[in-house]
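# Coordinate analysis (summary)
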Amino acid sequence: MAAVSENSVHPAFEKLRSHRIGTLNLTVEEYRHRKTGARHLHMAADNDENVFFVALRTFPMDSTGVAHILEHTALCGSEKYPVRDPFFMMIRRSLNTFMNAFTSSDWTAYPFASKNRKDFDNLLSVYLDSVFFSKLDPLDFAQEGHRLEFEDPSDPSTPLVYRGVVYNEMKGAMSAPTSQLWQHLSSHLFPTTTYHYNSGGEPDHIVDLSYDDLVRFYRHHYHPSNAIFATYGNIPAREHHERFEELALKRFDQQHVELPVRDEKRMFTPLTVEQGYPVAEGESTEHKTHIVVGWLLGHSFDLQENLEGQLLANVLLENSASPLMRALETSDLGHSPSPMCGLEDSNREMTFVCGIEGSEPGRGSDLEALLEQTLQKVVDDGVSEERLEAILHQLELHQREIAGDQFPYGLQLIMSAISPMVHGGDPVALLDLEPVLAQLREKIRDPNYIPDLVRRKLLDNPHRVTLTLRPDAQLENRRQEAIRQALAQRKAALSEEEVRQIVERATALEERQHRKDDDSILPKVDLTDVPLQTPEPEAKFAENFPATLYARGTNGLVYEQVVMPLPAMTEDELLLLPLYTTCVTEVGCGELDYLQMQDRISAESGGIAAFSTTRGRIDDVQDLSGYLIFNGKALARNREALGKLLRDVCMEARFDEQGRVRELVAQIRARREQAVTGSGHALAMGAASQGISAGAWLNFRLGGLEAIRGIKALDDSLADEAELAKLCQRLADLHQRIRQQARQYLVIGEDDQVAPMVDDLKRNWGGETTAAGEAWSLGPVDYRTRQAWLTSTQVNFCAKAYPTVPVDHPDAAALTVLGGFLRNGYLHRAIREKGGAYGGGAGQDSVNGTFRFFSYRDPRLAETLDDFDNALQWLQETEHDPQELEESILGVIGQLDKPRSPAGEARHAFHNRLFGRSPEQRARYRERVLAVTIDDLKRVASTWLAPERASTAVITSHDNRAAAEALELSIEEL
């Protein structure tokens, strides 16, 4: 793509530079707005998924969450769009591929992406007006931030309580010990700068933020002179500039925005700190202490410093063969390495952290000694050039890979460039790593290079904090009692006028939440803008060999999968499957032990993994089929090595390194326990759905709450060496069965790589014999559940599930549209706006034949479960606007058409075929979605979502046991 010529630059902007990055297939253009100084980074690429991103530098100097609450409130109405909720309204009126807003530690950003030009322009208009001309209604601040209300808002005799979306969001976020660990560590590593504070907000401090504080922060920070614009895609920069100028920038002049931007004062002696985190009263505190050590390093925006930090982190922690990771995994100081391990380079100054979880108080000095001893050994022995080459290989592969299966690719690139733009570095240099990697290849030839880095950045660096976070069974009770007392004192001191104001504000907020705004002022797309179904990638098939081939523009990477049907298994073997898929690529193989295999994987590939996948038939969710997949990717020059690596792991992985298996079980346990606070809504839906179909039962047992409970019991049992030996033998037996299964292969790469990859496959696998064997099957599942799962959490996750239909049933499309219709029309207002939860909704899961309601980080239990039922009553009794139906249909189509990476598109098409999801079936489903009527929604709801068919599950705290029992939920201890 040719660079933009100077005479095509918009007169309101000056062009600073243009730089072609061949490895990313794009040209980076940098501009400055002449009048305000606003900066614009444009990534010109031949991609119709255009991305917009505007960031404001925000440096809060307290933990009230002012930047975070402002991010929410800014999206609640603006000068041009004075409706109550333009952000969520636009989600419904759009074909966006991404819409959100982020609060980082020192910037706040508003990004979106769309493949439809009309939709992109619509969203740009709303976003720019929301950011630069926000209304900031005090009632929106009360809803999104925090407010004082009586427990019954209209009854002043009831206790005072705190409510608010961000307040509850952060109660949920800060329930996780890892979130508390990071925040405590940051507060001590950064005693004087913005990073000392929690930019998301500490719940106990959020309630101190006033509306006037919010407005002052907005007026100071939300100005184009403090803004960074970034765009990606095939819309030319000049067209963006015309819109930026017309919609916002022409109304502003240059403004000096004073921000507390400075480096942290350096400490000259290491600091040791111990703090508590809450666990349930009566819960065991054994093996629940986290200990981490953090160092403050140099500037993240200095490219040399940044890459040296990444190199250092990879040398020490990349995998189990890395010296620090190996020391932490094999240490008896705790159960597993801390999830905090690694380099944090998004702040102005970087931090390097490592540590352990599952430890005990008082072991901090032992951890320090282990780390110092390990680092000194790296200094003394050095690191082999082969190992360093493998790490540079990983950096190159990461830079080249076109991602975008979870997150738009252009947004990922922008996110990697935003930190240097905020802090004064060069975003182009960080994106164009090729020259820097070449310099690093020269430097690693010096055997003293890495030892000198370790000594300078870590061993001789006194700005170091050792933090012990220990469990405290009394802490939450003390905190809640303090809040109760403070609120009681506050209530006692209220004047009659203040009581009246609190009641009146609650009434006004409820009226505002129920008000029907004129949304016709918002731009929208409609069904005439829906594109024809995107053709799926063309598959080819190898001659006389079971390989499916996709030639795709993968930017020099190759992808390969080995696909085997699951063998017949007992229930015990089936429950072992997630452990097997985690371990099989992490253990020894052939003559290589697991450490040597880790080095080989790093040197030859971009990583390999194994996973199982199961689905019912398109007309019967109870009739499951399943496959075991070995998956890998590599740079094209390592094509042959990748094929051999996958073959060796499939055929020769061994489970005789018992200590290694023991470590892996402990790590899986730690990861799964941490998932509850972040994914509680999904886990609650899984528990509610468990008895509805075979697939739902399997998900609950292999990856849901029952799996978390199971891995904890397994981990505890492995203290007995005989049990460990038995487990390793069971894994080996299962592997022996799996390796004998019939195989097929998936190959994805550039056009010139596909044929050689097939030749490699034939060489690697041609002599291997397979047997069809007895097919795996699972009997039908059909039962209802009512469960409350108790854990350490300050918020709740609620779910209800109903048995429905498979994807090819005529009602599946209407049920899918119904999920968005209920969320948009009822649940969002009832659960988020009025109830104060961070989120709530409903949706059809046609893979498992279930319809699920859910809430996320929710302060309520019974009321939310009632709201699920009330939504169905609202559906039947209310006269509905046809536009509401159209918006829900648009949402479904947007999900169906969500773009993936080139390799992701091919994988998706292959796995659809594998389970009988043909292009014809998907076209039929799409037609049904577009034809759904409001009568269809009412009919499928009354047919499938009857109260007696419902199952219920909640995740809640031990304090809510009585409330759960009152709801007639059986109690499950997590």
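You'll find the structure just up there.
Quick look at the structure, then.

Quick notes on the rules
- Residues numbered from 1 in each chain as written.
- Predicted model: local features only at pLDDT ≥ 70, side-chain atom pairs only at ≥ 80, totals over all residues.
- Heavy atoms only, no water.
- Helix = DSSP H or I, 4+ residues; strand = E, 2+ residues; numbered from the N terminus.
- Rg over C-alpha atoms; globule rule 2.2 N^0.38 Å.
- Buried < 20%, exposed > 50% of the residue type's maximum accessible area, 1.4 Å probe, protein only.
- Contact = heavy atoms within 4.5 Å.
- Areas by Shrake-Rupley, 256 points an atom, 1.4 Å probe, with all protein chains shown as cover.
- Lys, Arg positive; Asp, Glu negative; His and termini not counted.
- Charge placed at Lys NZ, Arg CZ, Asp CG, Glu CD.
- Salt bridge = Lys/Arg side-chain N within 4 Å of Asp/Glu carboxyl O.
- Polar contact = N/O pair within 3.5 Å; in protein donor to acceptor, adjacent residues only side chain to side chain.
- Phe/Tyr/Trp six-rings, centres within 6.5 Å; stacked < 30°, edge-to-face > 60°.
- Lys NZ or Arg CZ within 6 Å of the ring centre and 35° of its normal.
- Pairing = 2+ DSSP bridges.
- Axes fitted to C-alpha atoms, helices over the stretch in contact; angles between N-to-C directions.
- Expected span 1.5 Å × (residues − 1).
- Parallel < 35°, antiparallel > 145°, perpendicular 65-115°, else oblique.
- Left-handed = near helix turned anticlockwise from the far one by under 90°.
- Nonpolar A, V, L, I, M, F, W, Y, C, P; charged D, E, K, R; others polar.
- Core = buried A, V, L, I, M, F, W, Y, C linked by side-chain atoms within 4.5 Å.

## Comments concerning the overall build of the protein chain
On a plain count of helices and strands, the protein chain comes out with 34 helices and 28 strands. Taken against the 2.2 N^0.38 rule, which gives 30 Å for 974 residues, the C-alpha radius of gyration of the protein chain at 28 Å falls within 12% of a compact globule. Based on the C-alpha atoms only, the size of the protein chain along its principal axes is roughly 80 × 65 × 65 Å. Expressed as a percentage of the 974 residues in the protein chain, the buried residues total 60%. Within the protein chain, counting contacts between residues at least 6 apart in sequence, those at least 24 apart form 82% of the total. Accessible surface for the protein chain amounts to roughly 37,100 Å². Of this, 48% is attributable to carbon and sulfur atoms. Within the protein chain, one finds 103 positive and 147 negative side-chain charges whose respective centroids are separated by 2 Å.

## A closer look at the pattern of salt bridges
Working definition: two side chains of opposite charge can pair if their charged atoms are close together. Summed over all chains, the structure comprises 86 salt bridges. A salt bridge links Arg-93 to Glu-887; the nearest nitrogen and oxygen atoms lie 3.5 Å apart. Of this pair, Arg-93 sits in the loop between helix H2 (86–92) and strand S5 (96–99) while Glu-887 sits in helix H30 (residues 882–896), and the two are 794 residues apart along the sequence. Both residues of the pair, Arg-93 and Glu-887, count as buried.

## Let's talk about the side chain of Ser-125
Here Ser-125 lies in helix H3 (residues 117–132). With a relative accessible area of 6%, Ser-125 lands in the buried category. At 2.5 Å, the side chain of Ser-125 forms a polar contact with the side chain of Tyr-81. Apart from the residues within four sequence positions on either side, Ser-125 is in contact with Lys-80, Tyr-81, Arg-243 and Leu-247.

## Quick word on unusual backbone geometry
Not every positive phi belongs to a glycine, and Asn-25 is a case in point at roughly 55°. In this fold, Asn-25 is placed in the loop between strand S1 (13–21) and strand S2 (26–33). Classification of Asn-25 as partly exposed rests on a relative accessible area of 42%. Its identity is not glycine, yet Arg-857 carries a phi of approximately 45°, on the positive side. With respect to the secondary-structure elements, Arg-857 resides in the loop between strand S26 (850–856) and helix H29 (862–877). Among the residues examined, Arg-857 registers a relative accessible area of 10% and is labelled buried.

## Topic: the packing of aromatic side chains
Two numbers describe a pair of aromatic rings. These are the distance of the centres and the angle of the planes. As enumerated under the stated definition, the model contains 34 aromatic pairs in all. On the basis of an interplanar angle of 35° and a centroid distance of 5.3 Å, the ring pair of Phe-52 and Phe-112 is categorised as tilted. Of this pair, Phe-52 sits in strand S4 (residues 50–57) while Phe-112 is found in strand S7 (residues 107–114), placing the two residues 60 residues apart along the sequence. Across the pair, exposure class does not vary: Phe-52 and Phe-112 are buried alike. Among the aromatic residues, those joined into a ring-pair cluster are Phe-52, Phe-87, Phe-88, Phe-112, Phe-120, Tyr-127, Phe-132, Phe-133, Phe-229, Phe-244 and Phe-252. Directly above the aromatic system of Phe-133 lies the positively charged group of Arg-251, at a separation of 4.0 Å from the ring centroid.

## Overview of the pairing of strand S10 (residues 227–233)
With respect to burial, S10 is a largely interior element, 7 of its 7 residues being buried. On S10, burial covers both faces: Ala-227, Phe-229, Thr-231 and Gly-233 on one face and Ile-228, Ala-230 and Tyr-232 on the other are all buried. Pairing of strand S3 (residues 39–45) with S10 involves 6 bridges; the strand directions are parallel. Following the sheet pairing, Leu-41 is matched in S10 by Ala-230.

## Observations regarding the sheet that holds strand S17 (residues 540–541)
Across the sheet, 6 strands lie side by side as S17-S18-S22-S19-S21-S20; this open sheet has mixed pairing. Strands with a single pairing partner mark the edges of an open sheet, and in this sheet they are S17 and strand S20 (608–617). Bridge count for strand S19 (residues 557–565) against strand S22 (residues 744–749) is 5 bridges, and the pairing is antiparallel. Along S22, the bridge assignment pairs Tyr-559 with Ile-748. The strands that helix H13 (residues 385–400) touches are S19 and strand S21 (620–635); relative to S21, the one it contacts most, it runs at about 120°.

## Digging into the environment of Ser-520
Relative to the helices and strands, Ser-520 is located in the loop between helix H19 (496–514) and S17. On a C-alpha basis, the gap between Ser-520 and Ala-906 in space is 40 Å, while along the polypeptide they are 386 residues apart. One polar contact links Ser-520 to Asp-518, side chain to side chain, over a distance of 2.5 Å.

## Re H13
Look at H13: 22 Å from first C-alpha to last across 16 residues, which is about the 22 Å you get at 1.5 Å a residue. Among all positions of H13, only Arg-387, Leu-388, Ala-390, Ile-391, Leu-392, His-393, Gln-394, Leu-395, Glu-396, Leu-397 and Gln-399 are buried.

## Remarks on the packing of helix H28 (residues 812–834) against H29
Relative to each other, H28 and H29 sit at 125°, their axes nearing to 10 Å. Taken as axis vectors, H28 and H29 run oblique relative to one another. H28 and H29 meet at a crossing whose hand is right-handed. Across from Leu-818, Phe-821, Leu-822, Gly-825, Tyr-826, Leu-827, Ala-830 and Ile-831 in H28, the residues of H29 making contact are Thr-864, Asp-867, Phe-868, Asn-870, Ala-871, Leu-872, Trp-874 and Leu-875. Of the residues assigned to the contact of H28 with H29, the class counts are 12 nonpolar, 3 polar and 1 charged.

## Some thoughts on the packing of helix H10 (residues 303–317) against helix H11 (residues 323–330)
Remark: H10 packs on H11, axes separated minimally by 4 Å, with the N-to-C direction vectors making an angle of 40°. On the basis of the axis angle, H10 is oblique to H11. Two secondary-structure elements touch here, H10 through Val-315, Leu-316 and Leu-317 and H11 through Pro-323, Leu-324, Met-325 and Leu-328. Grouping the constituent residues of the contact of H10 with H11 by class yields 7 nonpolar, no polar and no charged.

## Concerning the environment of Arg-470
Secondary-structure assignment places Arg-470 in strand S16 (residues 464–472). Exposure remark for Arg-470: the relative accessible area of 27% places this residue in the partly exposed category. For the pair formed by Arg-470 and His-290, sequence separation is 180 residues and the distance between their alpha carbons is 6.4 Å. Those residues within four positions of Arg-470 in sequence are excluded, and the remaining contacts are Glu-274, Gln-275, Gly-276, Tyr-277, Thr-289 and Pro-361. Here the side chain of Arg-470 touches Glu-274 through a polar contact of 2.7 Å, side chain to side chain.

## What to know about the nonpolar core
Counting 66 residues, the largest nonpolar core has Phe-52, Tyr-110, Phe-132 and Phe-229 as its most contacted members. With 8 residues, H3 is the single largest residue contributor to this core. Look past the residues within four positions of Phe-229 in its chain and what remains in contact with it is Ala-38, Arg-39, His-40, Leu-41, Phe-52, Phe-53, Val-54, Leu-128, Phe-132, Phe-244 and Leu-249. Listed in part, the 61 residues of the second largest apolar core include Leu-566, Val-584, Phe-630 and Leu-642.

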